[in-house]
Amino acid sequence: MLNPRSLNKTASCDVASNICQALLPGSTKVIAILAIYHDLSVGLACRGVGGLLGMATPEADKEKREREFSELMDKQAQAGLH
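Treat the numbers as computed from the prediction; the structure is a model and nothing was measured.

Cut-off values and rules
- Residues numbered from 1 in each chain as written.
- Predicted model: local features only at pLDDT ≥ 70, side-chain atom pairs only at ≥ 80, totals over all residues.
- Heavy atoms only, no water.
- Helix = DSSP H or I, 4+ residues; strand = E, 2+ residues; numbered from the N terminus.
- Buried < 20%, exposed > 50% of the residue type's maximum accessible area, 1.4 Å probe, protein only.
- Areas by Shrake-Rupley, 256 points an atom, 1.4 Å probe, with all protein chains shown as cover.
- Expected span 1.5 Å × (residues − 1).
- Polar contact = N/O pair within 3.5 Å; in protein donor to acceptor, adjacent residues only side chain to side chain.
- Patch = residues over 30% accessible without salt bridge, like charges linked within 9 Å, V, L, I, M, F, W, Y side chains within 5 Å.
- Salt bridge = Lys/Arg side-chain N within 4 Å of Asp/Glu carboxyl O.
- pLDDT = per-residue confidence, 0-100.

Moving on to the overall build of the protein. Along the protein, the regular secondary structure elements total four helices and zero strands. By the burial criterion, 7% of the 82 residues in the protein qualify as buried. Here the protein has roughly 7,200 Å² of accessible surface; of this, 65% comes from carbon and sulfur atoms.

Rendered as structure tokens:
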């Protein structure tokens, strides 16, 4: 007898495989499904790491951008006076 909990775990697999079966012939289905799961797993991990690295020093980046912007505005203001 099938366990309803095991059916819920495979629901996302079925969606991806159904889409690929409808669109792709033969062995390309397997490759497409593997590519989808690879993209999801690696992409989510990379986005998570990037988000953590981005949060490491947000104030330092903000201060640097503001300082560079102020310097640029001062240079433009001085160039406009001459």
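After that view of the structure, there is still more to cover.
Here helix 3 (residues 28-54) is 27 residues long and its end C-alpha atoms lie 37 Å apart, about the 39 Å a rise of 1.5 Å per residue gives. Within the sequence span of helix 3, burial applies to Ala32, Ile33 and Gly43.

Below, the discussion takes up the environment of Ser41. Mapped onto the elements, Ser41 comes out in helix 3. Taking relative accessible area as the criterion, Ser41 reaches 45% and is therefore assigned partly exposed. Side-chain polar atoms of Ser41 contact the backbone oxygen of His38, separated by 3.2 Å.

On the surface, a nonpolar cluster with roughly 260 Å² of combined accessible area is contributed by Ile36, Leu40 and Leu44. If you trace the backbone, Ile36 turns up in helix 3.

Low pLDDT means the predicted atomic positions in that stretch should not be read closely. For the protein, mean pLDDT is 75; residues scoring 70 or higher make up 61% of the total. Looking at the elements of the protein, mean pLDDT is at its lowest for helix 1 (residues 4-9), recorded as 50, and at its highest for helix 3, recorded as 87.

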